[in-house]
Amino acid sequence: MVHGVSRAALWVFTFSLRLALKIFVIPTRYNCVYSASDILWSLTYISLESEYAEGGLDILRRRLHLHYRHGKVSDSDTLLYRLKQVSRRDARRMLQRLNENVLSMAKRKGAFIKRAVAAIDLTFIPYYGKPTPYVVQGKYKLGTCWFHCYAAIRLVERGRRYVIKSRLVTPLDLSEKAQIVEELVTEARHQGLHVRLLLLDKGFYSHEVIKTLKAMEVKFIIAAPKNNRVKEAILDYIRTAKGQVRRFNMKKGGETVNFNLTIHRLRKKKKNMKNILELYGAFATNMGYKKAMKSWQKLPQDYRKRWGIETGFRVEKGFRAKTTSPDETIREIYHQYAVVLENLWTFHNVREAKRKRIPLGQMRRPIVKVKEFSTDFRYFILTNSCIDPP
């Protein structure tokens, strides 16, 4: 797509790099060989390549010297050293502010005008070093049982799947999921997002989370794990064909939280089925009883939108540079910068859809694929392209 690269893509590139240079301040001395822009462009390139610093910068250096014969590229040690000069807290603060500015631009283009469906979920990035206070233990996967865990809130509406915020989750935070949910929902409101419905998986089915969301007056759907009480409710529904929406509660410490439990047959059949319960599922919601009954058939379809956040995590991986460094600052920068790049890709697709007069609700697939977007951005870096914003 490089030869047919659009002026719109070049504008997004220019806008993002200038904004990043303004907000993401990389310490620089007067006698530095590589400027802050050199470091930022190198970081952007290895993120788009989804490569390690050494391999990605070697690719950049060879392409520059082979095709364009200009420009200077830092070595991997210099890049990592310069990034480590920023504290982890400052890096997180600056990159989250950078993401807020990208979202503000999207908001001015009408991204948050309509009330939207959002989802909150956790993603686990494998970690192979010595455990630190920042990694959590989980099921053995890809050769390790240690992971960096991030919680994110994301729009899951077709055509505008923006990441509102992503934050690191420590082992202590995992036991306080209600606080995580409150922080993410508060940030979404701060960005001007009106959440019509919030979707969460079984990991968030708890007394504290439901109590917090009810207090914040956020409509939610949470997949209910099949514990004994939920199984009894499902079996009762199977026997009587009544009670598809029923009053339910959870008790903890003498305190009761009430909500509605909706029961659905999610599958017509299943191979090697051992129990009829495998065909059914249940959701917890704070919708009123009448409203839940009215939209009962639609709830599973609404909940399927939650897969948008799973897809988003896979897309984000394509924008995240790789590292074996145990340094938490490097890992935080790589992750938060990937979030920014993904939102820029989404923003670019929204602009392309409007330019081609395609309603966002009819966008089944992105107009500009991740690979095409990354190829264009890498081309701009190689050619040192830049234009003034309109």
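Residues numbered from 1 in each chain as written. Predicted model: local features only at pLDDT ≥ 70, side-chain atom pairs only at ≥ 80, totals over all residues. Heavy atoms only, no water.

Student: How should the overall build of the protein be read in this particular structure?
Tutor: Along the backbone of the protein there are 14 helices and nine strands. A compact globule built from 390 residues would reach a C-alpha radius of gyration of about 21 Å, and the protein, at 23 Å, matches this within 12%. With the C-alpha coordinates of the protein rotated into their principal frame, the extents come out at 75 × 50 × 45 Å. Expressed as a percentage of its 390 residues, the buried residues of the protein come to 53%. The long-range fraction of contacts in the protein, counting pairs at least 24 apart against all pairs at least 6 apart in sequence, stands at 67%. Put simply, the protein shows about 20200 Å² of open surface, and 50% of that area lies on carbon and sulfur atoms. (Helix = DSSP H or I, 4+ residues; strand = E, 2+ residues; numbered from the N terminus. Rg over C-alpha atoms; globule rule 2.2 N^0.38 Å. Buried < 20%, exposed > 50% of the residue type's maximum accessible area, 1.4 Å probe, protein only. Contact = heavy atoms within 4.5 Å. Areas by Shrake-Rupley, 256 points an atom, 1.4 Å probe, with all protein chains shown as cover.)

Student: Looking at this structure, how should I read the packing of aromatic side chains?
Tutor: By convention here, two paired aromatic rings are described through the distance between centres and the angle between planes. All chains considered together, the criterion is met by 16 aromatic pairs. Centre to centre, the rings of Phe13 and Phe377 are 5.2 Å apart; their planes meet at 85 degrees, and the pair counts as edge-to-face. With a gap of 364 residues between them, Phe13 in helix α1 (residues 7-23) and Phe377 in helix α14 (residues 370-383) connect regions that are remote in the sequence. A relative accessible area of 1% means that Phe13 is categorised as buried. For Phe377, a relative accessible area of 1% translates into the label buried. (Phe/Tyr/Trp six-rings, centres within 6.5 Å; stacked < 30°, edge-to-face > 60°.)

Student: Is there a simple way to think about helix α9 (residues 228-240) in this case?
Tutor: Because an α-helix completes one turn every 3.6 residues, residues spaced three or four positions apart along the sequence face the same direction. Between its terminal C-alpha atoms α9 stretches 18 Å, which fits the 18 Å expected from 13 residues at 1.5 Å a residue. What α9 keeps buried is the set Val230, Ala233, Ile234 and Tyr237. Down the axis of α9, the buried side of the element spans an arc of 95 degrees, and every buried residue falls inside it. Pointing more than 90 degrees away from the buried face of α9 are the exposed residues Asn228, Glu232 and Arg239. For α9, the elements touching its buried residues are β7 (245-252), β8 (255-265) and β9 (280-285). Of the residues flanking the end of α9, it is Ala241, one or two places downstream, whose phi is positive at about 60 degrees. (Expected span 1.5 Å × (residues − 1). Arc of directions from axis to C-beta.)

Student: Could you clarify how one ought to interpret the confidence of the model for the protein in this entry?
Tutor: Should the pLDDT be low somewhere, the predicted coordinates at that spot are not to be read in detail. The predicted model of the protein averages 89 in pLDDT, with 96% of residues at 70 or higher. A low-confidence stretch, residues 386-390 stays under pLDDT 50, and its non-local contacts, those more than four residues away or across chains, total 13 contacts. (pLDDT = per-residue confidence, 0-100.)

Student: What's the story with the layout of surface pockets in this structure? I'm lost.
Tutor: Regions of empty space are outlined by a rolling probe, equal in size to a water molecule, passed over the atoms. Roughly 500 Å³ of internal volume is contained in the second largest pocket. Mapped onto the lining of the second largest pocket, the elements with two or more residues apiece are α12 (307-317) and α13 (328-355). Residue composition of the lining of the second largest pocket, by class: seven nonpolar, six polar and ten charged. (1 Å grid on protein atoms, 1.4 Å probe; cavity = no way out; pocket = protein on both sides within 12 Å on 5 of 7 lines; lining within 4 Å. Points joined across faces, edges and corners; volume = space filled by probe spheres on them. Nonpolar A, V, L, I, M, F, W, Y, C, P; charged D, E, K, R; others polar.)

Student: Please clarify how the nonpolar core should be interpreted in this entry.
Tutor: In globular proteins that are soluble, nonpolar side chains generally tend to be buried together. Counting residues in hydrophobic clusters, the biggest one holds 125 residues, and the most contacted among them are Leu83, Tyr162, Leu198, Leu213 and Tyr334. The biggest single contributor to this core is α13, with eleven residues. Among all residues touching Leu198, those that are not within four sequence positions of it are Ala118, Ala119, Ile120, Ile153, Val185, Leu213, Val218, Lys219, Phe220 and Ile221. (Core = buried A, V, L, I, M, F, W, Y, C linked by side-chain atoms within 4.5 Å.)

Student: Looking at this structure, how should I read α14?
Tutor: For α14, with 14 residues, the first-to-last C-alpha span of 20 Å sits near the 20 Å given by 1.5 Å per residue. Three or more residues of α14 are buried, namely Phe373, Ser374, Asp376, Phe377, Arg378, Phe380, Ile381 and Leu382. Once α14 ends, the next one or two residues include Asn384, with phi positive near 55 degrees.

Student: Where do I start with the environment of Gly312 in this structure?
Tutor: Tracing the backbone through its elements, the reader meets Gly312 in helix α12. Between the C-alpha atoms of Gly312 and Leu103, which are 209 residues apart in sequence, the distance is 16 Å. The contact partners of Gly312, leaving out residues within four places of it in the chain, are Arg154 and Glu342.

Student: Looking at this structure, how should I read unusual backbone geometry?
Tutor: What you tend to see is this: most non-glycine residues have negative phi, and most peptide bonds are trans. We note that Glu217 has phi near 60 degrees; this positive angle belongs to a residue other than glycine. Judged by relative accessible area, which is 70%, Glu217 ranks as exposed.

Student: What should I look at first to understand the environment of Leu122 in this one?
Tutor: The residue Leu122 is located in strand β1 (residues 116-126) in this model. Along the backbone, Leu122 and Glu310 are 188 residues apart, and their C-alpha atoms lie at a distance of 9.3 Å. Other than its neighbours up to four places away in sequence, Leu122 contacts Cys149, Tyr150, Ala151, Val169, Leu174, Lys177, Phe204 and Phe313.

Student: What exactly am I supposed to notice about the packing of helix α2 (residues 36-49) against helix α4 (residues 76-84) here?
Tutor: Packed helices, taken two at a time, are described by the angle between their axes plus the distance between the axes. Relative orientation of the contacting elements α2 and α4 amounts to 110 degrees, with a least axis distance of 10 Å. In terms of orientation, α2 lies roughly perpendicular with respect to α4. Residues Ala36, Ile39, Ser42, Leu43 and Ile46 of α2 touch α4, and the partners they reach there are Leu79, Arg82 and Leu83. Taken together, the residues that form the contact of α2 with α4 break down as six nonpolar, one polar and one charged. (Axes fitted to C-alpha atoms, helices over the stretch in contact; angles between N-to-C directions. Parallel < 35°, antiparallel > 145°, perpendicular 65-115°, else oblique.)

Student: Looking at this structure, I do not really get the pairing of β9. What am I missing?
Tutor: Within a regular beta strand, the side chains point alternately toward one face of the sheet and then the other, so they alternate between its two faces. Buried residues dominate β9, accounting for six of its six residues. Burial along β9 is two-sided: the residues Tyr280, Ala282 and Ala284 and Gly281, Phe283 and Thr285 are all buried. Where β8 meets β9, six bridges bridge the pair, whose relative direction is antiparallel. If you follow Arg265 over to β9, its bridge partner there is Tyr280. (Pairing = 2+ DSSP bridges.)

Student: Would you mind going over the pairing of strand β5 (residues 195-200) with me for this structure?
Tutor: Most of β5 sits inside the fold, with five of its six residues counted as buried. A crossover connection joins β5 to the parallel strand β6 (residues 220-223) through helix α8 (residues 207-215); in handedness this β-α-β unit is right-handed. (Right-handed = clockwise from strand over helix to strand, strands pointing away.)

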